[in-house]
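Listed below are the residues making up each chain.
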Amino acid sequence: MDGYAPAFVAHNLPLLVVSGLETLDEPRSATPGTSITSEIPSVESDDAQVLLGHFKANDASDLAWNGREHSRRNKFRVKTIAREYTLPMRHAAPAAIPQPTSQISKPVLHSALSPLTPSSTLYPDGLIDAKWIEKHQYHVPSAYVVFYTFTSNPNLSSKLDNQLKSDINNIKTTLCQSGYKTRLVVALLSENSVVQSPDVEDRLANIRKNTGLDSKTSFFFLPPQSSPVELRTFVDTITSTIYPLCIEYYRDLSKHARRKRNRGIVPPPTAPPTSGTSQTLSSQGWNIRYDFKLGVFSEFRQEMDAAVRSYESGYEGLLGPDVLEAIASWGPRWNEYRLLADVLAIRILRCLLWNGNSTTAVRRWQQHRERIRDFVDRRGKGSSTYGWEAWEARWATIMGEMVVKVSISDFAPENGDTYLPPEKSIAIGERLRPWELLHHPGYWFFTASKHSISRRNLALAMPEEDRAPPGVSPASQIVNKSHTYDDYLCPEPHVEYPLPGHNGFNHSASIIFTLSNATAEFETRGQRRLVQELQLLSAKESMRRELWNDALMILRTLWLKMSYRKEGWWNAVEEVGWALRNAALHAGDGVSVVSVDWELMNNSFAHHPSWHYDITRSLEGISMLRSKPMVVLHNAEVHSFLSATFTFEHTEGKVGDACRSQCTVTSTALPASVPVAINGINIEFLGSMKELVIRHMSDGETGNQRPRLFKEIALTEVVEDGRAKQTGHADLTFRPGQMKVFEFKSSLREDGDVKAVSATFTITSASFDLDYVHTFEQMSTPDLWWGQAGMKKKIARSDASSLTVLPKPPKMELRFIGLQGQYYTNEGICLDLEALNEEDVDAIANLEVSLHGDGAPPVRIVASDKSPPSSPTKEEEGDLQEGTQLGRIASGASSRVRILIPPIDLPAVYELAIKASYNLVLDLETPVSRSITLQLDVINPFEANYDFSPRIHPDPWPSFFAHEEAVDTIKVVEYPKAYGLSQKWCLAARYASFASEDVIVEDIDVAVIGVNGSIICSTKKQASLPTCGLVVSPRTLEEAQFDVCTQKKSLDDRGTATLDVSLAIKWRRKVESSPINTSTLAVPRLLVSSSEPRVLAAVSYSESITAMIHFDVTIENPSNHFLTFGLTMEPSEMFAFSGVKQSTLQLVPLSRRTIKFRLLPSIRGDWIGPIHCVIKDRYFQKILKMAPTEGMKVDKEGILIWVPPEEEP
């Protein structure tokens, strides 16, 4: 917004002056006024500095022009001072007023800025001066906040309080005498004292009473030792409390101005104008002045609707027939009134944007431009002058800067909007033109740059005689210029376009500035085409100023990244290219010159007869080169005249075969261009194929002008720079419009996918080196395969530059010998592998074996003639490690190895991968491999379930009443003897074979893994297996029983004891000399000891009376308590019994008792029962469950006893 006084265009905020926190005052103004002074020094403390920082942080001067920012705590323009401040004079000084001619009339004093005061610049018919806004915005505060130190010293409190009251009253008197209604606010900061004075409230009340300050709005107190949060809150409290009072201050000023406007009377001047001067300001002018003041005061109050109404009223009055239309364009007030019209329009636009009326603001901007254009065409010097274009550029720039200052959220970079939709106040269905919508700032800066360019063009069209300085031109010519050229807010003609040797206005700098601002805005929103256009314009302006390096920096980036090349806008690409070449030529950038020349040789661009079109002469005429340019170009960066395709004849090939391929190079250079000789073409591959290099070798046929040439190239393999390459030679001179097809035969050495990636064209000359990299891309049209006679065929596949190389079909057979049908856990696995060479020649083979799966053990390989060792040893010479050579295998011969896998504890599924890599002795460079996999399912050979039941231990229990003699002390006791209770159990293991074949169980036993409790334990197998082992068929169930005897180590031990045991089965396959394996099956934890009583039932058969059955019930009391049990034996129809039918039994601690019954069954060869023998604890009234032993079983009703059948005589 250059050209306008800052006060005219700035947003107005209530002025708040803060005194007493700064230590230095501002320099005293030379303008006379009312001085506010104080003898009390400023507050110097840490809290004061913190408060000062908070007040400065609350300054809203730099906030955006929108209601969002000003709705927070930042609502004032804050001005901080020490103790002295000067208010401007309310009226002009009497000394500056001429003495009246009549003794009766007395001069009326007005403001020094009023058109009624002769000393004012507005006298006698001016409207408004920017100094009036500066007066209210920067000099006359709405509130004057004074900070003082409130002492806590009781000895000095009375004296200092009196000084405070005197100083405050003096400031109040000064403010009252100044004529301004500035609000005085006093804030007291207590000293940082540990002990607070007890009479603080009384002292504060005394100060308020003697100064007449309102305790709620004008008097504030900060207690000592306040926290940072409390200091922040203290400042917020002051600003939020006085803000409504400050708004009322500006409302009173508005009322005063409105009353004066409503009177409709022109005030009398201090002194009337002298003869020969213009008349005083008319009543319409005074209304414009009052409307402007009302709008400014409304902005102070942030009431934008009221401000718009006042500004609109003043604007219409200014452009009406009685003010601006009534003065001549050569008058001294013409430009002042026109500038005021711009100021009113700017303030109207700001208020509309503040309220969110974007479309209305754009229309208002256009309306002001059209009205001023009409006004200038009718009354001024017309709109065809450079002055009007300068104003148009300034007016567009103002709109762009205003949109930036308003900070519209939709235009934020993260949103990326380019324009705003119309506001809701626009009627639905109303047709809007695109330029009536508010666009982002870049649009307005771009518009300004267009007008700046037009301004320069009009300035350049001025004749030389009009550009002469005033001291050189005759008076008549000066008068003619003043009536021809409009110099409103722009230089005069001799400065606008000076004569040679004179300084003047820099048009290019102005254009570049606006273009740079527009470019930044467009780039932020991703409008790439406009960015490229603006960058080109900026570069041209830099070249116009001969800033070649600046232009080169812009154009080089633009040339590389512009979208015109991909979109086929060749005219735009050519324009950028020639501009870059011009800038690079002057800047001495040989790389850019060669790069542009390479691209401009394409026939897509226009032919320039003055250019040589010879790439080898690109650097002619450049004398600023520092070194030989090294140019590297890619097809994605330039529109090259050379293009290439690479095609494989077939989609697949095999290792060892020869593969045919073609590289087709086409030149689309301009017909007038010189043939280009390429030194070499390097074709890069992705995969196992070696790099292919074609070197230039002229064939002498210089006159060959055929459009298509076919050349079959013989390749040789060489090693260069440590890399193996395929090289060949051909004539690499390409004429305009010529296509050359190069055909190759390459040997495929390794399998995998091969893809031709790029072809690099290399030119090496004395002046520069160039590498053009053409990347092979997938084409939408089918690729072609060319023949020698010009025949061609289409390649019907998506990517003809790719080839799949299949491995050479191996003839090395791998097979297992003696493979078992199933493998089991805890069994060492031995696999015999045979490698049979069915190739026609000998092969050198290498074997790789790996086992895959969770927890896979390591695999060992030994020679097949060695027996499998139990563990690997380093001394074994026959061992073959993984990946080692098997040696030379003759054609038709075989080699055997043995793969050893150690025993596996848990069932699992593994994958055994075997790969035999070999090379034929006649072709050692081509590897061949043969792979097989074998799935190994390792399962458990056995599974078992268990039954753990109690038995009656035959040994007697210890007794408290039995005496035991002492043991001879000379005898050595090897093991600690157990003195506790003994118990017997039976562990029945029922195991089944899950093998797929018969296996032989050599032995089965129970191993005690751990004992939990203070006991000793022993196990014994009840029956032994046959000497030759037990043959177990698949899915058959076998049973083995073991006696488990436990005894407490101490008789006083009453703790629970458990056993951890496992079942170990030694087995082997039903094959001669098969190794014995041990499978360990887990057994659930066994509870073998408890302090609870138990009841055991035992049965035996009489030897004298065959039908007689002895039924014994044993009650064990392992506790330390006397227990009483009730026994009841109920009769049954299935047997008769003799014995106790009902009785009471008493057991002493650590004892057991057996009750015997004799049963006579009524049936034979069957189970009898259930036997209802009830044992009940008399104390706890709990029935003890009877546990059966051998010869009995339990059903849901009770114990059943087996009765053997009668023996046949």
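Nothing here was measured: the structure is a model prediction, and the numbers come from that model. (Residues numbered from 1 in each chain as written. Predicted model: local features only at pLDDT ≥ 70, side-chain atom pairs only at ≥ 80, totals over all residues. Heavy atoms only, no water.)

(A) Region of interest: the packing of aromatic side chains. Following the criterion strictly, the structure yields 39 aromatic pairs and no others. Taking 6.3 Å as the distance between ring centres and 85 degrees as the angle between the ring planes, the aromatic pair formed by Phe-8 and Phe-292 counts as edge-to-face. Of the two residues, Phe-8 sits in helix α1 (residues 6-9) while Phe-292 sits in helix α8 (residues 283-300), which places them 284 residues apart along the sequence. Each member of the pair, Phe-8 as well as Phe-292, is classed as buried. Counting every residue linked through ring pairs, the aromatic cluster contains Trp-365, Trp-388, Trp-391, Trp-395, Tyr-443 and Trp-444. Sitting over the face of the ring of Phe-446, Lys-450 holds its NZ or CZ atom 4.4 Å from the ring centroid. Geometry around Trp-559 places Arg-565 over its ring, the cationic atom sitting 5.3 Å from the centre. (Phe/Tyr/Trp six-rings, centres within 6.5 Å; stacked < 30°, edge-to-face > 60°. Helix = DSSP H or I, 4+ residues; strand = E, 2+ residues; numbered from the N terminus. Buried < 20%, exposed > 50% of the residue type's maximum accessible area, 1.4 Å probe, protein only. Lys NZ or Arg CZ within 6 Å of the ring centre and 35° of its normal.)

(B) Region of interest: the packing of helix α9 (residues 304-318) against helix α11 (residues 358-379). The contact between α9 and α11 brings their axes to 13 Å, and the two run at 15 degrees. Relative to α11, α9 is oriented roughly parallel. In this structure, α9 meets α11 at a crossing whose hand is left-handed. The segment α9 lies against α11, with Glu-312, Tyr-315 and Glu-316 engaging Arg-364, His-368 and Arg-371. Here the contact of α9 with α11 is built from residues that sort into one nonpolar, one polar and four charged. (Axes fitted to C-alpha atoms, helices over the stretch in contact; angles between N-to-C directions. Parallel < 35°, antiparallel > 145°, perpendicular 65-115°, else oblique. Left-handed = near helix turned anticlockwise from the far one by under 90°. Contact = heavy atoms within 4.5 Å. Nonpolar A, V, L, I, M, F, W, Y, C, P; charged D, E, K, R; others polar.)

(C) Molecular detail of the side chain of Ser-114. With respect to the helices, strands and loops of the structure, Ser-114 is situated in the loop between β4 (85-88) and α4 (130-139). Note on Ser-114: relative accessible area 7%, which makes it buried. Dropping the residues within four chain positions of it, Ser-114 is found in contact with Ser-120, Trp-286 and Arg-289.

(D) Structural context of the environment of Ile-512. Tracing the chain through its elements places Ile-512 in helix α16 (residues 507-524). Exposure remark for Ile-512: the relative accessible area of 15% places this residue in the buried category. When the C-alpha atoms of Ile-512 and Tyr-910 are compared, they prove to be 74 Å apart, with 398 residues separating the residues in sequence. Each residue touching Ile-512, except ones within four places of it in the same chain, is listed here: Ser-538, Glu-541, Ser-542 and Arg-545.

(E) Highlighting the nonpolar core. Core analysis: the biggest nonpolar cluster contains 94 residues, and Phe-292 and Leu-438 have the highest contact counts within it. When residues are assigned to domains, this core turns out to be shared by domain 1 (6-93 + 109-263) and domain 2 (382-526), each giving three or more. (Core = buried A, V, L, I, M, F, W, Y, C linked by side-chain atoms within 4.5 Å. Domains from an automatic or database assignment.)

(F) Fine view of the domain arrangement of the protein. The domain boundaries assigned to the protein delineate domain 1 (6-93 + 109-263), domain 2 (382-526), domain 3 (641-806), domain 4 (812-937), domain 5 (942-1088) and domain 6 (1094-1203). Distance between the C-alpha centres of domain 4 and domain 6: 67 Å.

(G) Representation of the packing of helix α20 (residues 570-587) against helix α21 (residues 590-600) within the structure. Between α20 and α21, the shortest axis-to-axis distance is 9 Å and the interhelical angle comes to 150 degrees. Between α20 and α21, the angle is such that the two are roughly antiparallel. Here α20 and α21 pass one another in a crossing that is left-handed. Here Val-573, Glu-574, Gly-577, Trp-578, Leu-580, Arg-581, Ala-584 and Leu-585 of α20 come into contact with α21, specifically with Ser-592, Val-593, Val-596, Asp-597, Glu-599 and Leu-600. Grouping the constituent residues of the contact of α20 with α21 by class yields eight nonpolar, two polar and four charged.

(H) A look at α11. Given a rise of 1.5 Å per residue, 22 residues ought to cover 32 Å, and the 31 Å separating the end C-alpha atoms of α11 matches this to within 8%. Along α11, the positions that sit buried rather than exposed are Ser-358, Thr-359, Ala-361, Val-362, Arg-364, Trp-365, Gln-366, His-368, Arg-369, Ile-372, Phe-375 and Val-376. Considering only its buried residues, α11 is in contact with α9, α10 (334-354), α12 (386-406) and α13 (441-460). (Expected span 1.5 Å × (residues − 1).)

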